[in-house]
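# Coordinates in review
Listed below are the residues making up each chain.
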Amino acid sequence: MVGGVVGSTALGGANSVGAGTGGAPSGVIPPGDPGPTALRRLTNDEYRTTVQDLLGLAAPPADPLLPDTRSLGYSNFSSALTVSAVIGSQYATIATRLAGEAAISTLAPCASPAAESDCANTFIDAFGKQVHRQPLSAKEQGAYRALYDLIRTTDTYEAGIRAVLEAMLQSPALLYRMEYGTGAAARTLSPYEVASELSYLFSGSKPDTELMQAADTNALITPVQIEAQARRLLALPRAQATVGKFLEQWFLVSDMSGLLKDVNLFPAFASTEKSAMEASTDRFVASVMWEGDGTVKTLLSAPFAFVNSSLAPVYGIPDPGMGETFVKTDVSSMGRAGMLTLPSLLALQAKEDESAPVKRGKFVRTRMLCQTLPPPPPNVKIDPPAPDPNLTTRERFAAHSASPACSGCHSMMDPIGFGLEAYDAIGTYRTVENGRPVDSNGELTGTDVDGKFTGGVELATRLSTSAMVRKCAAIQAARYTYGRQEIETDTQLAATLDAQLGASGMDVREVLVAITQSASFTTRTFVP
Amino acid sequence: MSHPTLTLSQGSRAMSKSLIKRRSILKGLGAASFLAVPVFRATLAEAQAAPLRLIVLYFPGGAMMTGSQQIEGRIGGQGMFSYDKMLAPLAPLSSDILLFENIVEPVGPDNYDLGHGSESTILTGNAGPSLPEGVVFIPPGLTSFDQVVAQKIGKNTRFASLQFGVFSNTPDSDGPKSGSIVYSNGASVPNVLDPATMFSRLFNGAPPGPAPSDADALAKQQALTAKRQSILDLLKGQVTDIQGLVGSAEKLRLEEHLASLRELEKSIMSPTGGASGGIVSAPGASCGAPSLGAGTDVPAVSAAMNELLYQSINCDATRVASLQMLNSGAELFFTWLGLNNMGHHPMQHAPGPDFVIAQNWLLAQLAVVIQRLKDTPEGSGSMLDNSLVFLSSEMGDGSLHTNHPVPVLLAGKAGGQLRTGRTFNANGNNRANLALNIGNLMGAPLLNWGDPKWVTGPLDLG
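### Details of the overall build of chain A
Check the secondary structure of chain A and you find 23 helices and 12 strands. What you see for chain A is a C-alpha radius of gyration of 26 Å, in line with the 24 Å of a compact globule of 528 residues. Along the first, second and third principal axes, the C-alpha set of chain A runs to 85 × 55 × 45 Å. Put simply, chain A has 528 residues, and 55% of those count as buried. Long-range pairs, those at least 24 residues apart, make up 67% of the contacts in chain A between residues at least 6 apart in sequence.

Shown next as structure tokens:
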């Protein structure tokens, strides 16, 4: 897609002063604005976990759902999610199945036939509040009750409850999170909206009992109250999955399923290496976040990786001898440091048969530095250089740097990507390509850590000390929290957070908590 | 944003009167007649004009129309999009085809070619604002022309429209990942890529039997229908209430949700259908659930989707359908053709004989769709005569990512309105304007549609 901010400088984006990308598409949101009101359809993961929690299922329902549309790498951007005809019918199928299978005696117990009417009301109120994530209005209550009554005239109490359940499990109140508040243009979210916001951010599901009680008692108003809940949720096991999802979507390593490689060159990629890379990435992220200090600095510079028999050749180390079991291994002397040198990331940012210096350079610019790049000029021929068995990838790509039409932008990407030339199309470490030595000298420009470097370890270590990268981390966290492109307020907050947390390496967990403490978390601007 | 030059010259169809008549008969027969439509067509087809259908067929990567003809030694003009080259699979159908020359996609913001971005403009005539790469921003209310047509002619079929896809993948990237070219009310309408999902959508539920004879079973059936209708009424009420609270862009997006509930409503007419309903294949005619191959590889999925698309039209489950072979930028390897060394997108950037083979294969799949319609007799002609097929690609030249010209052809006679078997030189007019012709031909004029910078009036197709 063509896009990009083409301004007076080639590099724009959130990290450039005054070059904000405008945030909301209308581009009318003034500085200091908390961001627009939003109707956020649950992601498929959120929907499945929510339904699991509502019904107390052993596992989330595995029924098919059309995949979420990604925006800026994230699956939860509200602008990209809607209830189309296909997913609408899938929700209906799931609701019908689960309502038919539910244990009504547990969900809506009723001691005697005489009490049925009251039991139905109790179920509608209590379960409905869980589904809607706030108490039902009289109108909503009445509609569910009318449905129950209709069924009960010809069928049993249980059938009536099942019908209500079938409706609730596909209710728009379940499917959408509303961040609207009430009032005129400047709005404050209701305690229930804040409860959902916190819960989906840290737990990926509906608010638990404690959060709902806090909302009931107006105890989700002050930053202190919100912080206490945020820290409580962050300590629950669920947070590991949601924070991990954020980090993996930020680094674009959340989904390797569609990744294909040249079967002749990489015969083991599809069968064993790919799945091992995915699992190894999960382990690495979890290790830094929950066994380590959780900082951006460590994410980018950690000397260890999780290696098993399948991945040992990729890392160029002896088989740890534990089969498919991962062994935490120091790989710093084998050209590795943190996320940026993970085989998964390098394989994703590569072509099917070779490395991709341009792609990798662009990745560092857009994902790690939050810079935007202008699109290629009109009618530029974007044929990659032809394969030449006697040249390295770098030598073939040198044309970019030579052609004046290309070098303007490619000087932003290629010198960074060239520094990652010691990793091939699946991220295997190499020193020789096509019989010629690999040159992994690179250069960072337009950053706060400018200068020449050699190889991925030096690049990653350099980036791990960059304030621009730390601020970018906070911007990425805002994207994930709000499910939208960042606005000026988020960029300002990122700078504040770097001032507070940067010296200790920018703890990602603290960034997320800090976002809940900002005014943006509980307020919105109504966009009519 | 209205088009002052909009004319109905091609839209005033000889058939429209009989179609209206047909609808009123349907209405008179009551709701249950939805299920009997194929039978209805079989018995009354001679007396009544057949319905018009719109079918959108899409393949990505273009046809090397500007810069890469060195392979064939041709430069400029129509390039490879000709019957003796890339279009060879469609050559046997050329008498049913109106082939376009020199038709362009309007340029994007800042006069850049849209490249992959034209995947979102090909059917919408609107590029939206210039945004950083990867941001999905769909202009509020954006609706592709097939959906405008579906809103108009889709009311009386089980599905207003169906979106078929064969393969979509863009390895984890910051780009948009929907990969669909269809939009409605400012929302992307995703393709169904899984034949089993599409199959159950179309043919879910038991085969139609006689209506229950005993009073007990009949009452149960009626109660089930009443329950489902009540649930849908409740849900529609809830969505409408939310519409009252949200901003205008979200209001429009919720129209999609309401449309989804209306579609479910049609399904409850089927007493034996599952929760998602399904068309009930009527006895007789050739309409019925196809048996699908077991394969999950791309050729098998393509064959299955082809079959399902054909049956959905043949069974009159829908009159508007799209089939997208791949998403723009797909990294698919065409291993079944022996092309093991490069995915589809890289081949585009390094165009050679392999790329021609790949594009040929994609077009051959699409040719099958058209051929099946042609092979199905209807009235005094074929089903294709009563259809309008729009076949195109997002780009003209995949290597340069240019959109001028782009490959476009129409097939079918749209109920006798379109003169085929010829080539039409559009002289640089754009694809968005051709959409106006399509709207008119389908009896669904596109009003206030597309970017007014681009959309100025229909082509004079003669």
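Moving on from the model shown.
### Notes on the overall build of chain B
Within chain B one finds 10 helices and 11 strands. When each of the 462 residues of chain B is scored for burial, the buried share is 59%. The long-range fraction of contacts in chain B, counting pairs at least 24 apart against all pairs at least 6 apart in sequence, stands at 73%.

### Some points on the domain arrangement of chain A
Frequently, the measure chosen for interface size is the accessible area that the parts lose on association. Here chain A is described as being made up of domain 1 (38–179) and domain 2 (247–463). Between the C-alpha centres of domain 1 of chain A and domain 2 of chain A the distance comes to 44 Å.

### Comments concerning the nonpolar core
In terms of nonpolar packing, the biggest core is built from 154 residues, with A:Leu147, A:Val164, B:Leu366 and B:Leu388 touching the most fellow members. In terms of residue count, the dominant contributor to this core is helix α9 (residues 353–375) of chain B (10 residues). With residues up to four places along the chain from it excluded, the contact list for B:Leu366 reads B:Leu57, B:Phe59, B:Met325 and B:Leu391. Formed by 106 residues, the second largest nonpolar core is a distinct cluster that contains A:Ala80, A:Leu234, A:Val285 and A:Val307.

### Here we look at the sheet that holds strand β11 (residues 422–425) of chain B
Residue and element names in this part refer to chain B. Spatially, β3-β6-β1-β9-β10-β2-β11 is the arrangement adopted by the seven strands of the open sheet, whose pairing is mixed. Looking at which strands have only one partner, the edges of the open sheet turn out to be β3 (162–167) and β11. On average, adjacent strands in this sheet sit at an angle of 15° to one another, irrespective of strand direction. Across four bridges, strand β2 (residues 97–101) lies against β11 in parallel orientation. Across the sheet, Phe100 pairs through a bridge with Phe424, a residue of β11. Of the strands in this sheet, β1 (53–58), β3 and β6 (320–326) touch helix α7 (residues 298–314), which is tilted by about 165° from β3.

### A word on the packing of helix α5 (residues 138–154) of chain A against helix α6 (residues 157–168) of chain A
All names here are of chain A. Their axes nearest at 8 Å, the elements α5 and α6 cross at an angle of 140°. The hand of the α5/α6 crossing is right-handed. For the pair α5 and α6, contact is made by Tyr144, Leu147, Tyr148, Ile151 and Arg152 and by Tyr157, Ala159, Gly160, Ala163, Val164 and Ala167, respectively. For the contact of α5 with α6, the class distribution of residues is nine nonpolar, one polar and one charged.

### Looking at the confidence of the model for chain A
Looking at chain A as a whole, its pLDDT mean stands at 90, while 90% of the residues score no less than 70. Note that residues 1–30 of chain A has pLDDT below 50 and, in this model, 84 contacts with residues that lie over four places away or in other chains.

### Here we look at the packing of α5(A) against helix α5 (residues 215–243) of chain B
With their axes 10 Å apart at the nearest point, α5(A) and α5(B) run at an angle of 175° to one another. When the axis of α5(A) is compared with that of α5(B), the two are roughly antiparallel. Seen from α5(A), the contacting residues are A:Ala143, A:Leu147, A:Leu150, A:Ile151 and A:Thr154; seen from α5(B), they are B:Ala223, B:Lys227, B:Ser230, B:Ile231, B:Leu234 and B:Gly237. Looking at the contact of α5(A) with α5(B) residue by residue, the classes come out as seven nonpolar, three polar and one charged.

The rules behind these values
- Residues numbered from 1 in each chain as written.
- Chains lettered and ligands numbered in written order.
- Predicted model: local features only at pLDDT ≥ 70, side-chain atom pairs only at ≥ 80, totals over all residues.
- Helix = DSSP H or I, 4+ residues; strand = E, 2+ residues; numbered from the N terminus.
- Rg over C-alpha atoms; globule rule 2.2 N^0.38 Å.
- Buried ≥ 20, exposed ≤ 12 C-beta atoms within 10 Å, placed from the backbone.
- Contact = placed C-beta atoms within 7 Å.
- Domains from an automatic or database assignment.
- Core = buried A, V, L, I, M, F, W, Y, C linked by C-beta atoms within 7 Å.
- Pairing = 2+ DSSP bridges.
- Axes fitted to C-alpha atoms, helices over the stretch in contact; angles between N-to-C directions.
- Left-handed = near helix turned anticlockwise from the far one by under 90°.
- Nonpolar A, V, L, I, M, F, W, Y, C, P; charged D, E, K, R; others polar.
- pLDDT = per-residue confidence, 0-100.
- Parallel < 35°, antiparallel > 145°, perpendicular 65-115°, else oblique.

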